[in-house]
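Chain by chain, the residues:
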Amino acid sequence: LNYSTAHFMLSAPSLAQCPNDNGAEVAFAGRSNAGKSSAINALTRQNALARTSRTPGRTQLINFFSVMNATSQRLVDLPGYGYAKVPESVKREWQEHLSDYLRGRQSLRGLVLLMDVRHPLTEFDQMMLGFADERDLPVQILLTKADKLKKGPANNSLQKVRSQLSDWEDLVSVQLFSALKKDGLEPLSKRLDQWLMH
Ligand code: GDP
C-alpha cells in the first residue's frame, strides 16, 4: 500500500467514539518519546501527520488515519504511555481506554510496538504484549532511534530482545528502525501490507 496517501480521519477519546469497526486497521503504540510520531511521519512521508503533544488531555486521544483514500484501511495512533507528569487518575483512565481498544477492536489486525533501542521492554511494553497475546494479535516491534547506537550494539539489542521474546516468535517480529535515517521502513511496510491487505 502507498502509505504516503494517509490522511487524518478523526480523534476518538474512547472506544465508543472510534470509527465503525469494519475493514482493517493497524495500531501504533509505545512509551511517550519512543519515537512513535516520527515513525508514522517517516512511513507516510509526511512531516506533521502525527504530532507530539505535551498536554496530557490530548495524549489520551486515539487518532485514526485512512490509507489509499479508503476508510476501510486505517493506521491508528494510540496514546503514548508512561508519561510521568500525568496524575494517577488520568493514567488509569488512559490504561482503560487502551485495554478496551486492544481487547475489543475487531478490525485490529496487528500492533506496531515502538521501543527506544536503548531501553526496550519496559513494564508498559510487556503489558501491551500481554494484551496482544490474549487475542493472538501479531506484533511488529520497532527498536527505534537505532541511529543512536553503532551497528554492533544495535544488533546486540535486537538479538537480546528477540531472545527474550522467543516464546512468542510466531506472533512477534522485532526489527531495528530509525526515522531519522529512514532505516527499517521496508520491513515495516511489508508487515503492514500483510495485515491490511488480507
Ligand atoms: P513519540 O512521543 O513517541 O511520538 O516520539 P517522537 O516521535 O515525538 O520522538 C521523540 C524524540 O525522539 C524527538 O525529539 C525526536 O526527534 C526523537 N527521535 C524520534 N525518532 C528518532 C530517530 O530515529 N533517531 C533519532 N536520533 N531521534 C529520533
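Computed from a prediction, not measured in an experiment: that's the story for all the values here. (Residues numbered from 1 in each chain as written. Predicted model: local features only at pLDDT ≥ 70, side-chain atom pairs only at ≥ 80, totals over all residues.)

Draft legend 1. Seen up close, the overall build of the protein. When its secondary structure is counted, the protein shows 6 helices and 7 strands. Computed over the C-alpha atoms, the radius of gyration of the protein is 16 Å, within 12% of the 16 Å expected from 2.2 N^0.38 for a compact globule of 198 residues. Along the first, second and third principal axes, the C-alpha set of the protein runs to 45 × 40 × 35 Å. Each of the 198 residues in the protein was classed as buried or not, and the buried ones make up 39%. In the protein, the proportion of contacts linking residues at least 24 apart, taken out of those at least 6 apart, comes to 75%. (Helix = DSSP H or I, 4+ residues; strand = E, 2+ residues; numbered from the N terminus. Rg over C-alpha atoms; globule rule 2.2 N^0.38 Å. Buried ≥ 20, exposed ≤ 12 C-beta atoms within 10 Å, placed from the backbone. Contact = placed C-beta atoms within 7 Å.)

Draft legend 2. The arrangement of the sheet that holds strand β1 (residues 7–12) in detail. With respect to topology, 7 strands assemble into an open sheet ordered β1-β3-β4-β2-β5-β6-β7, the strand pairing being mixed. Edge strands, defined here as strands with exactly one partner in the open sheet, are β1 and β7 (172–176). Sheet twist, expressed as the mean angle between neighbouring strand axes with direction ignored, is 25 degrees. Here strand β5 (residues 108–116) runs beside strand β6 (residues 139–144); their pairing, made up of 6 bridges, is parallel. Residue pairing for β6: aspartate 116 is matched across the bridge by threonine 144. (Pairing = 2+ DSSP bridges. Axes fitted to C-alpha atoms, helices over the stretch in contact; angles between N-to-C directions.)

Draft legend 3. Examining the nonpolar core more closely. Ala27, Phe28, Ala39, Leu111, Leu113, Ile141 and Leu143 are the most contacted members of the largest nonpolar core, which totals 51 residues. Of all the elements, β5 adds the most residues to this core, at 6 residues. (Core = buried A, V, L, I, M, F, W, Y, C linked by C-beta atoms within 7 Å.)

Draft legend 4. The environment of leucine 176, seen in detail. Relative to the assigned elements, leucine 176 resides in strand β7. In this view, leucine 176 contacts Val117, Leu143, Ala146, Ala154, Leu158, Asp183 and Gly184; residues no more than four positions away in its chain are not counted.

Draft legend 5. Structural context of the site of the ligand. Around the ligand, the surrounding shell holds 17 residues, and the nearest of these are Gly35, Lys36, Ser37, Ser38 and Leu180. Take the shell around the ligand: its biggest share by element is 3 residues, from helix α1 (residues 36–44). When its residues are assigned to classes, the shell around the ligand shows 3 nonpolar, 10 polar and 4 charged. (Near = placed C-beta within 6 Å. Nonpolar A, V, L, I, M, F, W, Y, C, P; charged D, E, K, R; others polar.)

Draft legend 6. Examining the pairing of β7 more closely. Going residue by residue along β7, you find Val172, Val174 and Leu176 tucked away on one face and Ser173 and Gln175 left uncovered on the opposite face. Strand direction decides the pairing type here: β6 and β7, joined by 5 bridges, are parallel. Bridge pairing in β7 links leucine 142 to glutamine 175. Handedness of the crossover is the feature at issue here: the chain leaves β6, passes through helix α5 (residues 151–164), returns alongside β7, and the resulting connection is right-handed. (Right-handed = clockwise from strand over helix to strand, strands pointing away.)

Draft legend 7. Molecular detail of the environment of arginine 109. Position of arginine 109 among the secondary structure elements: in strand β5. According to the C-beta neighbour criterion, arginine 109 is buried, with 21 such atoms within 10 Å. As a C-alpha pair, arginine 109 and valine 26 span 83 residues in sequence and 5.8 Å in three-dimensional space. Ignoring anything within four residues of it in the chain, the contact list for arginine 109 reads Ala24, Glu25, Val26, Trp195 and Leu196.

Draft legend 8. Structural context of α5. The end-to-end C-alpha distance of α5 is 20 Å, a good match for the 20 Å that 14 residues give at a rise of 1.5 Å each. Along α5, the positions that sit buried rather than exposed are Ala154, Ser157 and Val161. Axial view of α5: buried residues confined to an arc of 60 degrees, hence all on one face. Of the exposed residues in α5, the ones pointing more than 90 degrees away from its buried face are Lys151, Gly152, Gln159 and Ser163. (Expected span 1.5 Å × (residues − 1). Arc of directions from axis to C-beta.)

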